[in-house]
Protein chains: 2
Amino acid sequence: MPVVVPLAEIKKALAAIDPIPLIEEGFVAYSRGEVVVPPVGELVFNDPPGDVHIKYGYIKGDDFYVIKIASGFYDNPKLGLPSGDGLMLVFSRKTGVLEAILLDEGYLTNLRTAVAGAVVAKYLAPREVTAVGIVGAGVQGRMQLDWLRRVRKFEEAVVWGVNEEELVAYRRDMESPGLKIRTTLRAEKVAAAANLIVTCTPATAPVLKAEWIRPGTHITAVGSDTAAKQELDAAILARADRVVVDSLSQSELRGEVYQAVNAGAIGRDRLVELGRVIGDQKLWRASESETTVADLTGVAVQDIQISKAVWLAIRPAVWSAPKAT
Amino acid sequence: MPVVVPLAEIKKALAAIDPIPLIEEGFVAYSRGEVVVPPVGELVFNDPPGDVHIKYGYIKGDDFYVIKIASGFYDNPKLGLPSGDGLMLVFSRKTGVLEAILLDEGYLTNLRTAVAGAVVAKYLAPREVTAVGIVGAGVQGRMQLDWLRRVRKFEEAVVWGVNEEELVAYRRDMESPGLKIRTTLRAEKVAAAANLIVTCTPATAPVLKAEWIRPGTHITAVGSDTAAKQELDAAILARADRVVVDSLSQSELRGEVYQAVNAGAIGRDRLVELGRVIGDQKLWRASESETTVADLTGVAVQDIQISKAVWLAIRPAVWSAPKAT
């Protein structure tokens, strides 16, 4: 029988795991072609609006394959339910035996997404951060800010949200003696103050405009993971000195790059994959004046790396292989 | 929290369910375009050999979507493990909340496959069955024989297997006062005696040859569900009066029809979808002399129908919706 691991146990296991190097190694392996990641499985619903993504695959030579299911149902908060949900399944690569059902309720997806934001910032953000900009005051907007503190020093964050209530809650949750939170309903205020911006909304029309962005800014867009979603004006990508994607193949079908290429704003020859950036110092930010963009659609290798680490931490105490009959 | 349902509970729930009309309704809805079934997700492994299929989707207007994962790892029996494994996940279509994890260990996939074989036979098999032929003496070879008894009368089955041990076991398990089991290591003996044949092997080269097949025979091929697997000589499809598939779109990528079309043996214009056959008496077997073939690659709508029925049977006693926070 597979071991069913509830979220509380997953969080306990994570306390002893540093996911940044894990996610970095995952991206590097992915860009080297060492990871089998089939196209994302997808269901998109209209009434009520929701989407479900199935991401799966394995690292060649590894002991496990992983299937991750994550959903966003954006009217759920009206029912008092979180919009995100999900689980990760860890299987033996030798026998297909399902070893673990990680009932992470979308937490591991949120975590690996936030960690990817930190990984991007480590290589592409300016050294001197005037302020961090967070566009989207939800769960991911909180986690991105937390993880950016692991790779850059900053004392202020400017946060855009869709209403005052969520901004008040954001400031209440996130402000601390070392970190001032300013909130706004006008996204241009984020761009005016911040030179390290993360967008994490389910927007289907640009929230940030190109003319607002100051030279020397880095923007990571993590919200757009379908063909319909878009957070950045295509001209932002066109004007950037560098456009990085987590997955070249996924960027053909979804995300900011998909939108910008479709609009004729950029050519695919300008794209560099994150795993290559990590492994090649020449692709890191070269000066404080560069403007850079990273478009993250979320790759199964992140799910593989994080779920495997959690399971390997828990496994010795709980796993017994199925008995031969 | 989702309800985790072990196989024993699933089997209890099935005792009160007649899956034949459920699977029929599923195929009819599918062929009418009322079911959203994205392309099958797939992982194929070589060392040891195995494949994993992710089938998922929903019936429009329904309360649930279903994600099914099933694997075949063909060296598992050497380790004393069954080759097939799997689980089905039932989610609320309105919120994305995972309601049930059906740990069916591949049983529901085996069941819905066997039921599909019975549905096909109901409409396409000869009325007078001289003997049933079963090619492949594994679990599916047993279940197909069981379910064929629901739709046709017969007193003999001729069973081909890869070795005497499995054939002895098959006869021991399946022979009964009303049913004589003959076994053989030569597949042509199956074709010589039977006019209703089901192939259920993981073969990658034809097991049945066209010259062996007698006029008036119906063959259902259920084993081939990847691009590499093949059980039937392409000429069998070429010579058939009628070639039925469970899914036109899947038959472009996998199964016997994929092989036969690739070989130039048949054109796609000859194919009819099973859901259309069920709904249109003109497409049923017209005479005892027709030779017919059905190629089943397995469609998510079968998984949706069977898992939904199991969950609806169990749900009232165990389910409590997540509380609004």
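Described below are features of the structure shown in this document. Counting of residues starts from 1 at the beginning of each chain's written sequence and follows it residue by residue. Here every chain gets a letter starting at A, and every ligand a number starting at 1, in the order they are written. It should be noted that, the model being predicted, local features are given only for residues of pLDDT at least 70 and side-chain atom pairs only at 80 or more, the latter also being counted only at that level, while totals for whole chains, interfaces and linings use all residues. Hydrogens and water are ignored here; the side-chain numbers use all heavy atoms of the structure.

Let us look at the sheet that holds strand β16 (residues 271-273) of chain B. Either a parallel or an antiparallel arrangement is found when strands of a sheet pair, and the pairing is made through backbone hydrogen bonds. All names here are of chain B. Strands qualify as paired when DSSP identifies two bridges or more between them. The helix and strand labels rest on DSSP assignments: H or I over at least four residues marks a helix, E over at least two residues marks a strand, and numbering proceeds from the N terminus. If you trace the eight strands from one edge of the open sheet to the other, you get β10-β9-β8-β11-β13-β17-β15-β16, paired in parallel fashion. Of all the strands in the sheet, the pair left with one neighbour each is β10 (180-184) and β16. The average undirected angle you get between the axes of adjacent strands in this sheet is 20°. Of the pairings in the sheet, the one linking strand β13 (residues 218-221) to strand β17 (residues 292-295) comprises four bridges and is parallel in character. Lines fitted to the C-alpha atoms define the axes, with helices restricted to the stretch that makes contact. Angles between their N-to-C directions range from 0 to 180 degrees.

Attention now moves to the pattern of salt bridges. Between side chains of opposite charge, a pair can form as their charged atoms come close. Residues and elements named next belong to chain A. Take a side-chain nitrogen of Lys or Arg and a carboxyl oxygen of Asp or Glu: if they are within 4 Å of each other, that pair is a salt bridge. Evaluation of the coordinates by the stated rule reveals 36 salt bridges over all chains. With a closest N to O distance of 3.3 Å, Asp-51 and Lys-229 form a salt bridge. With Asp-51 in strand β4 (residues 49-59) and Lys-229 in the loop between β13 (218-221) and β14 (230-232), this residue pair connects regions lying 178 residues apart in the sequence. Taken together, the shared-partner salt bridges connect Asp-51, Asp-225 and Lys-229 into one network.

Once that is clear, we can look at the packing of helix α3 (residues 107-124) of chain B against helix α4 (residues 139-148) of chain B. Residues and elements named next belong to chain B. The N-to-C vectors of α3 and α4 enclose an angle of 45°; their axes lie 8 Å apart at closest approach. Taken together, the axes of α3 and α4 are oblique relative to one another. Crossing geometry of α3 relative to α4 is assigned as right-handed. Of the residues in α4, those in contact with Tyr-107, Asn-110, Leu-111, Thr-113, Ala-114, Val-115, Gly-117, Ala-118 and Ala-121 of α3 are Val-139, Gln-140, Met-143, Gln-144, Trp-147 and Leu-148. Oblique is the label for any angle not under 35 degrees, not over 145, and not in the 65 to 115 range, which are roughly parallel, roughly antiparallel and roughly perpendicular in turn. Handedness of each helix crossing follows the sense of rotation of the near helix against the far helix: counterclockwise by less than a right angle gives left-handed, clockwise gives right-handed. The contact criterion used is simple: two residues touch if any of their non-hydrogen atoms lie within 4.5 Å.

Right, let's talk about the pairing of β17 of chain B for a bit. Residue and element names in this part refer to chain B. Side-chain alternation along β17 places Thr-292 and Ala-294 on one buried face and Val-293 and Asp-295 on a second face that is also buried. Here strand β15 (residues 242-245) pairs with β17 via four bridges, running parallel. Residue Arg-242 lies in a different strand from β17, and its bridge partner there is Thr-292. Residue exposure (1.4 Å probe, protein chains only): buried if accessible area is under 20% of the type maximum, exposed if over 50%, otherwise partly exposed.

Attention shifts here to the side chain of Thr-109 of chain B. The residue Thr-109 of chain B is located in helix α3 in this model. Filtering out sequence-adjacent residues up to four positions away, Thr-109 of chain B remains in contact with Lys-68, Ala-70, Met-88, Asp-104 and Asp-303 of chain B.

The next subject is helix α8 (residues 255-262) of chain A. It helps to recall that an α-helix has 3.6 residues per turn; residues three or four apart then point in one direction. All names here are of chain A. Along α8, the residues that are buried comprise Gly-255, Glu-256, Val-257, Gln-259 and Ala-260. Buried positions along α8 lie against β13, β14, α7 (234-239), β15 (242-245), β16 (271-273) and β17 (292-295). Positive backbone phi, at 75°, marks Gly-264, one or two positions downstream of α8.

Turning our attention to the interface of chain A and chain B. Taken together, the 44 residues of chain A in the interface contact 44 residues of chain B. At the junction of chain A and chain B, the tally comes to zero salt bridges. Throughout this description, a polar contact denotes any pair of N or O atoms lying within 3.5 Å of each other; where both atoms belong to protein, one of them has to be capable of donating a hydrogen while the other can accept it, and for residues adjacent in sequence the pair is counted only when both atoms sit in side chains. Run the count over chain A and chain B and you get six residue pairs in polar contact (both at pLDDT 80 or more). Where the side of chain A that touches chain B is concerned, the elements lending two or more residues are β1 (3-6), β3 (41-46), β4, β5 (64-73), β6 (84-92) and β7 (98-103) of chain A. Ranked by residue count, the leading element in the side of chain A that touches chain B is β3 of chain A, at six residues. Charged means Asp, Glu, Lys or Arg here, nonpolar means Ala, Val, Leu, Ile, Met, Phe, Trp, Tyr, Cys or Pro, and polar covers whatever is left, Gly included. A class-by-class count of the residues in the side of chain A that touches chain B yields 29 nonpolar, nine polar and six charged.

Note that every value here comes from positions in space, so none of it alone points to a role or purpose.
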